[in-house]
Amino acid sequence: MLPYIIGGVIGILIGAVIGCMIGWNRRKSTAEREIGSAEDEATRIVNEAYKSAESKKREALVEAKEEILKAKNEHDKEVKERRADLQRQEHRLQQKEENLDRKTENIERKEEQLSQKITHLEQTQKQADQYKNQQLEELERISGFTAEEAKNYLLNQLEAAVTHESAMKIKEIEARYKDEAETKAREIISLAIQRCAADHVAEATVSVVPLPNDEMKGRIIGREGRNIRTLETLTGVDLIIDDTPEAITVSCFDPVRREIARLALEKLILDGRIHPARIEEMVEKAKREVDATIKAEGERAIFETNVHGLHPELVKLLGRMRYRTSYGQNVLNHSIEVSHVAGLLAAEIGANVTEAKRAGLLHDLGKSIDHEVEGSHVAIGVELAKKYRESEGVVHAIHAHHNDVEPQTIVACLVQAADAISAARPGARRENLENYIKRLEMLEEITSSFDGVEKSFAIQAGREVRIMVKPEVVSEDQMILLARDIAKKIEDELEYPGQIKVNLLRETRAIEYAK
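Residues numbered from 1 in each chain as written. Predicted model: local features only at pLDDT ≥ 70, side-chain atom pairs only at ≥ 80, totals over all residues. Heavy atoms only, no water.

A word on the overall build of the chain
- What the chain contains, in helices and strands, is 14 helices and eight strands.
- In the chain, which comprises 515 residues, the proportion classed as buried is 30%.
- A fraction of 63% describes how many contacts in the chain between residues 6 or more apart in sequence connect residues 24 or more apart.
- Surface exposure of the chain reaches about 35,300 Å², of which carbon and sulfur atoms provide 54%. (Helix = DSSP H or I, 4+ residues; strand = E, 2+ residues; numbered from the N terminus. Buried < 20%, exposed > 50% of the residue type's maximum accessible area, 1.4 Å probe, protein only. Contact = heavy atoms within 4.5 Å. Areas by Shrake-Rupley, 256 points an atom, 1.4 Å probe, with all protein chains shown as cover.)

Here's the deal with the sheet that holds strand E6 (residues 453–459)
- If you walk across this open sheet you meet the three strands as E6-E7-E8, and the pairing is mixed. Since the sheet does not close on itself, it has two edges, and those belong to E6 and strand E8 (501–506), each with one partner. Recorded for the sheet is a direction-independent mean angle of 20 degrees between the axes of neighbouring strands.
- Across six bridges, E6 lies against strand E7 (residues 464–469) in antiparallel orientation. Bridging from a neighbouring strand, Ile459 pairs with Glu464 of E7.
- Helix H14 (residues 476–493) contacts E7 and E8 of the sheet and is inclined by roughly 150 degrees relative to E8. (Pairing = 2+ DSSP bridges. Axes fitted to C-alpha atoms, helices over the stretch in contact; angles between N-to-C directions.)

With respect to the nonpolar core
- Among the nonpolar cores identified, the biggest contains 40 residues, and Leu310, Leu317, Leu318, Leu361, Leu362, Leu365 and Leu384 are the most heavily contacted of them.
- Secondary structure elements with two or more residues in this core: helix H6 (276–305), helix H7 (312–320), helix H8 (331–349), helix H9 (353–362), helix H10 (377–387), helix H11 (392–400) and helix H12 (410–424).
- Among the elements that line this core, the one with the most residues is H8, at eight residues.
- Ignoring anything within four residues of it in the chain, the contact list for Leu310 reads Ile302, Val315, Leu318, Arg358, Leu361, Leu362 and Glu390. (Core = buried A, V, L, I, M, F, W, Y, C linked by side-chain atoms within 4.5 Å.)

Quick notes on the confidence of the model for the chain
- Across the chain, the average pLDDT comes to 80, with 87% of residues at or above 70.
- Note on residues 197–203: pLDDT is under 50 here. Beyond four places in sequence and across chains, it has 16 contacts. (pLDDT = per-residue confidence, 0-100.)

Brief notes about the pattern of salt bridges
- The final tally for this structure, using the stated rule, is 18 salt bridges.
- Across the pair Glu304 and Arg300 runs a salt bridge, and its minimum N-O distance is 2.7 Å. Here the residue Glu304 and the residue Arg300 both occupy positions in helix H6, the gap between them amounting to four residues, near one helical turn.
- Between Glu313 and Lys316 there is a salt bridge, with the nearest N and O atoms lying 3.9 Å from each other. In this pair, Glu313 and Lys316 are both assigned in helix H7, three residues apart and thus about one turn of the helix distant.
- Residue Lys316 is classed as partly exposed on the basis of its relative accessible area, which comes to 42%.
- The network of salt bridges with shared partners includes Asp271, Arg273, Arg278 and Glu281. (Salt bridge = Lys/Arg side-chain N within 4 Å of Asp/Glu carboxyl O.)

As for H8
- With 19 residues, H8 should reach 27 Å at 1.5 Å per residue; the first-to-last C-alpha distance of 27 Å fits that figure.
- Burial analysis of H8 places 14 of its 19 residues in the buried class, the great majority of the element.
- Trailing H8 by a residue or two, Gly350 shows a phi angle of about 80 degrees, which is positive. (Expected span 1.5 Å × (residues − 1).)

Details of the side chain of His377
- Here His377 shows up in helix H10.
- Judged by its relative accessible area of 14%, His377 falls in the buried class.
- One polar contact links His377 to His401, side chain to side chain, over a distance of 3.4 Å.
- Apart from the residues within four sequence positions on either side, His377 is in contact with Asp364, Gly366, Lys367, Asp370, His401 and His402. (Polar contact = N/O pair within 3.5 Å; in protein donor to acceptor, adjacent residues only side chain to side chain.)

Put into structure tokens, the structure is as follows:
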């Protein structure tokens, strides 16, 4: 049985092998036929590609020949144009060379002529010098003066004549312009002052608080002085309790502190309960009232002057000037008046009224804190104005109102004038006797320092200085120039309100005795 099975399997395998060989032969023949057809197709495509390439090659050659021919024609045309242009330029250059040759010939001829003229002039100059020397010798012989002596004599005569003429001309011009300027200035200032009337009350650095009775003084002092020490410590003032009946004096250079102490003291007297805790409470209440008053006064100032758009801090600083004085004049009222006067002056001459009023109101801004900050009130005011973004014109007017810098704008000059008008108004400021006498002495000392001055007298409260000159030293013509020099030196070295009249007197006396 097993042999039959093995034989069957072998037969199957042999049949499968034979079938595979037959299928493989069929596929081989089919593949060979497909390969043959593909080779034919490839041969056909290659031949067609050769033909197409040959055709495109011929077309490219034709196009290249056409491009070469076209480029050659363009090149020939450009060469012809350049050749023609070069010929034109060559022709122009040739003409220029001919012109230059002609000009060179002309210049050479002119140089030759000039050299001849120079030679002739040199000879003429030598002859003129000889004639001049002969004439000078003849003049010296006739006049009896040498050339140097004659020159000095003529210069002296000319100097005397020029001094006289210049003095008379200066006098004439000054008189004419002074009359015109004074008339116009008086008209403008009078109009401005008529439209701005302000009261002035001199203020001091002390405040007097009335008491209901003298027994209140002891209560204010307190046991072992504790009440008065507390009040002085909290407010920073000095309380002066003397023999003045029913009154206490509050002294302090800081006007805000003095006002706080005065209000607190009045409240304590009215309340009647005086002890350290109550004093502290009343001082705080007085501070709040003063702060409110400062703000209200600043707002009043900007309302009265119609100056708007100020920084809130500037309004407070303006309000602080309500408690600041200068030579007894209230600084806030002075600033308001300067603002009005500057605005009116600006309106009269057609300047910027708004800027003039703003600069006039802020010109003394530095005085609000000048006892707290180092520096002059002008420098402090400039820094504050810059800090709170005021315009350059306003800052410059503040800087120039005391001539710390030279005024460069009309507004700065107007603020200067308005400040002087407000300060010099009768009764506006108080000047102590010592400063007044010192100013008069300085005025006489300055005028006496000039050569030719014999005596000088300050009169009319320093508004005029009368000067006696030596007639043998100072001539009438020199008096005008001397008066100008003295006035200039007074302006440079002395500070004074208003103006000072310089009055020179020259007297010639002839004395003889009959025997």
